[in-house]
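This is what each chain is made of:
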Amino acid sequence: MAGLMAGFGNFTHAVVRAIPASFAKEALRTNKFDVDLLKAQREHELYVEVLKHKLGLEVVELPADESLPDCVFVEDAAVVCGDTALITRPGAESRRKETEAMKKVLSDLNLNIVEMTDESATLDGGDVLFTGQEFFVGLSKRTNQRGAEILADAFKDYAVSTVPVLDGLHLKSFCSMAGPGLIVIGSSEPAQKALKIMQQMSDHRYDKLTVPDDVAANCIYMNLPSKGHVLLHCTPEEYPESAKVFEKLKDHMLIPVSNIEKVKVDGALTCCSVLINKKADA
């Protein structure tokens, strides 16, 4: 397993996108919470600062687009693994044009671009969990079976299994990776059921870290040359009990990152960046 997982979490670049003013009123949401635009923008600036200055990633910042209120959630527009980038076909029609800027920037980074052109397919990157050994794809309101099949075709080196998402927006609304072979999972019944399905479908064994709050299970793991294991996770202010669970990870550099405003429109930490491991050009 260690051999297969050797490069897991290694990243050199991140693509992010600024928050437009239209975000506060027009971003899609499953709840009717009021969003404080300035606080959301400041929160996002701090997130980008962590990636750029604290972790030393090469960050490509795309400008906001007022006609695309959800455009900050770049994860949904592309799935990148190795040197291949799958440009998705987001499940919400209002978000389809978000892929145009993403395709351009990933082409500029010399990734191999695969486009999802089948009009019967939908896929949001928030439904895609890459474990370093395989993909799990959530079948949700935003992602369908055809989308999962096209992803499997784009990344033929890895097994792809589908998981029904019966509650929450995306698969990663209640789970993510916290390290090689370590899945963070929320404690709700739908989250635990989804984990059971993943364990049954997989040939690999995963350890699990259960947190009381589903949304806190969405965190960002990296393994960086100068930093070792790094985990961006929820703050104690937002989810005190879940934040305590992360403190058990003694080998990780733990970085709490605030997400108070973006979570009001179903945005989680992984949603706001596309992470890339770019080999040095020969």
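Residues numbered from 1 in each chain as written. Predicted model: local features only at pLDDT ≥ 70, side-chain atom pairs only at ≥ 80, totals over all residues. Heavy atoms only, no water.

**Student:** So what's going on with the pattern of salt bridges? Residues and values would help.
**Tutor:** Tallied over the full model, the rule gives 16 salt bridges. Among the salt bridges present, the one from K104 reaches D108, with a minimum N-O distance of 2.9 Å. On the criterion of helical spacing, the pair formed by K104 and D108 is a turn pair, its members being 4 residues apart in helix α3 (residues 98-108). Accessibility assignment for this pair places K104 and D108 in one class, exposed. The partner of E149 in a salt bridge is R146, with the nearest N and O atoms 3.1 Å apart. Here E149 pairs with R146, and both are found in helix α4 (residues 145-154), just 3 residues apart, close to one helical turn. Classification of R146 as partly exposed rests on a relative accessible area of 34%. (Salt bridge = Lys/Arg side-chain N within 4 Å of Asp/Glu carboxyl O. Helix = DSSP H or I, 4+ residues; strand = E, 2+ residues; numbered from the N terminus. Buried < 20%, exposed > 50% of the residue type's maximum accessible area, 1.4 Å probe, protein only.)

**Student:** I'd like to hear about the packing of aromatic side chains, residue by residue, with values.
**Tutor:** According to the stated counting rule, one finds 8 aromatic pairs in the structure shown. Both rings, one in F135 and one in Y158, keep their centres 5.8 Å apart while their planes meet at 85°; by these two values the pair is edge-to-face. With F135 in strand β7 (residues 134-139) and Y158 in the loop between α4 and β8 (159-164), this residue pair connects regions lying 23 residues apart in the sequence. Judged by relative accessible area, F135 falls into the buried class, the value being 1%. (Phe/Tyr/Trp six-rings, centres within 6.5 Å; stacked < 30°, edge-to-face > 60°.)

**Student:** Which residues make up the sheet that holds strand β11 (residues 207-211), and what values go with them?
**Tutor:** Spatially, β9-β10-β11 is the arrangement adopted by the 3 strands of the open sheet, whose pairing is mixed. Lying at the two open borders of the sheet, with one neighbouring strand each, are β9 (175-179) and β11. Averaged over all pairs of adjacent strands, the angle between strand axes in this sheet comes to 30°, irrespective of strand direction. With respect to the sheet, helix α5 (residues 189-201) is in contact with β9, β10 (182-186) and β11, its orientation differing from that of β10 by roughly 150°. (Pairing = 2+ DSSP bridges. Axes fitted to C-alpha atoms, helices over the stretch in contact; angles between N-to-C directions. Contact = heavy atoms within 4.5 Å.)

**Student:** Tell me about the pairing of β10, and name the residues and values.
**Tutor:** The element β10 is largely enclosed, with a buried count of 5 among its 5 residues. Burial of the side chains of β10 extends over both faces: L182, V184 and G186 are buried on one face and I183 and I185 on the other. Pairing of β9 with β10 involves 4 bridges; the strand directions are antiparallel. If you follow G179 over to β10, its bridge partner there is L182. The loop that links β9 with its antiparallel partner β10 comprises 2 residues; one of these, G181, has a positive phi angle of about 70°. Sheet topology places β10 next to β11; 5 bridges connect them, and they run parallel. Residue pairing across strands places I185 opposite T210, the latter belonging to β11. Considered for its hand, the β-α-β crossover made up of β10, α5 and β11 is right-handed. (Right-handed = clockwise from strand over helix to strand, strands pointing away.)

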